Structure formats: C-alpha cells, structure tokens
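Secondary and tertiary structure notes
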Amino acid sequence: MVKNKQIMKKFILILLILAFGSFLALPKNYCRAEIPAQVRVAWSKIKVFADTNNNEDTVIICTLNYNDHLQTIGTEEILGSSGLKYYKVEITDNELYSFGYVLISQVIDSDVKSPNKKLYPNAEIVKDTYVFVLEQNNYVKTETQLPQGTKIKILSGYSKAKKYTQIQYETEDNEIVTAYIQTDSIKTSQIPKTLIGVIIIIATTISLVLIIFGITIKKKKSILK
C-alpha cells in the first residue's frame, strides 16, 4: 500500500513537470490579443497623447470626435506608467508628431459596433441640451445636441448639486456614447425619497394591523376553548 502511494506521488510529480515545461515552451505572446488594425472613437470626444505617462507634462497632440477613425501601429497594447492601457496610432496633418497614443477604453475596433449593445436608461432629458467633454478638469461644450425626451443612462452618482453628470446615450446608428450633460436638464426615473418613505410607513402599518388582528383571533379561540 505504501509502495503504491509512492508510485502515485512520482506519477503526479512527472505530470506537473511536463505541464510546467509545456507552459514555458509556449510563445511569449501567447496571451496577448491581436489589436485591431483600425479603431474609431467611441466617446463624444477624446485626446491623443504624445506619451503614456498620464501626468501634467503629457502633451495633448489633438482631440478627436465621435466616430473618427485611426490606424493603429504595432501589434500589442501598451501599458502606461499609471496602469492605463493605450493603442499607438498614426497622426496625420501634424508637423510635430507622426504618431500618438489613445486610451483603449475610449476607442473600439472599426469593424464592430459599440460593445454596449443596449442602453438601459434610468433617466431622460427634459430640455434640449448640449453634450460636454471633460478636458483637463474643464467641461467643454461640443457641437452635439440632445433633444428633449432623449433616454439616457446616468453613470456617475447623480446629485442636483453637481453642474454636470456623466451619462450614456444612444445615437441614430444605435451606438452607445459616453459623455457629460448639464445636470439641470436631467429627470431621473428613480422613485422620490418621500414616496419611498410613504410606502414604508404604509407597509409597516399594514404589518402591525395584521399582527394585532392575528393575536386577537388567537385570544378569541383560546377563550372559546
């Protein structure tokens, strides 16, 4: 019995060594997904950076608008010093820069539609409003305008005290775009806190009535016995 256990241990050890050797034999880029040859902007507006340092000294080469297309350079994603991932892209019509970097989270493959296939709105726009983008802690108005009645999804915490709120909206091409709009143009679909309070009070009252009613019936039955 002891001999069988020793044989089994040796067998397991050999399997582990073979598995580890197979892992080392894999090509170094086995886990790297191929990047798309061309990407397009999935946000209302994004920045193209001169490097991937993501600090105050980083030069912004230019800004791009929703659905602008870019040719990627290289075959791998680039990990910035701050942990953010970038694509290296070609830059045209610029005398100083022939390439730059865009955040992967702000672009998608040109051959596919938005990764967000469906918008799940939780609010709507109560008046015509312009779309804004956040640039160096400043909200910049774009030329895009959303009409009254547009269904939107609030992404960041909603507060009437904030002047701007991050949202998603759906374009005519059924694309989901992330941007900012002025908070005073939003009507949320949430139940008002006062109504929630009233519902809780009513539910509590009904529960108490049922409990008292049940106790009364039990007492009557005990008296009858």
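Check the entry above for the structure.
Remember, it's a predicted structure, so these values are computed and weren't measured experimentally. (Residues numbered from 1 in each chain as written. Predicted model: local features only at pLDDT ≥ 70, side-chain atom pairs only at ≥ 80, totals over all residues. Heavy atoms only, no water.)

1. Observations regarding the environment of Gly 80
Note the threshold: By definition, any uninterrupted DSSP run of H or I lasting at least four residues is a helix, any uninterrupted run of E lasting at least two residues is a strand, and each is numbered from the N terminus. Exposed residues in this analysis have more than 50% of their type's maximum accessible area, buried residues have under 20%, and partly exposed residues fall in between, with area computed by a 1.4 Å probe over protein chains only. Throughout, a contact is declared for two residues whenever any of their heavy atoms are within 4.5 Å.
Turning to its location among the elements, Gly 80 is positioned in the loop between strand 5 (78–79) and strand 6 (85–90). Residue Gly 80 is classed as buried on the basis of its relative accessible area, which comes to 7%. For the pair Gly 80 and Leu 103, spaced 23 residues apart in sequence, the C-alpha separation works out to 9.6 Å. In contact with Gly 80, not counting residues within four places along its chain, are Thr 52 and Tyr 86.

2. A word on the environment of Asp 128
The condition is simple: Side-chain atoms alone can form a polar contact between residues adjacent in sequence; in general such a contact is a pair of N or O atoms within 3.5 Å, and within protein one must be able to donate a hydrogen while the other accepts it.
Relative to the assigned elements, Asp 128 resides in the loop between strand 9 (123–125) and strand 10 (129–135). Spatially, the C-alpha atom of Asp 128 lies 7.7 Å from that of Ser 185, the residues being 57 residues apart in sequence. Setting aside chain neighbours within four positions, we find Asp 128 in contact with Gln 145, Leu 146, Pro 147 and Gln 148. There is a polar contact of 2.7 Å between the side chain of Asp 128 and the backbone nitrogen of Gln 148.

3. A few points about the packing of aromatic side chains
Quick note on the threshold: Working definition: a ring pair exists when centres of Phe, Tyr or Trp rings (six-membered ring for Trp) sit within 6.5 Å. Plane angles under 30 degrees give stacked, over 60 give edge-to-face, the rest tilted. Definition used: whenever NZ (Lys) or CZ (Arg) falls within 6 Å of the ring centre and also within 35 degrees of the ring normal, the charge is taken to sit over that ring.
The tally for this structure, following the rule as stated, stands at five aromatic pairs. With 4.2 Å between their ring centres and 15 degrees between their planes, Tyr 139 and Tyr 164 make a pair best called stacked. With a gap of 25 residues between them, Tyr 139 in strand 11 (residues 138–146) and Tyr 164 in strand 13 (residues 164–170) connect regions that are remote in the sequence. Taking the relative accessible area as the measure of exposure, Tyr 164 reaches 15% and is therefore buried. Taken together, Phe 132, Tyr 139, Tyr 164 and Tyr 180 form an aromatic cluster joined through their ring pairs. For the cation-ring pair, Lys 88 lies above Phe 99, with the distance from its terminal atom to the ring centre recorded as 4.2 Å.

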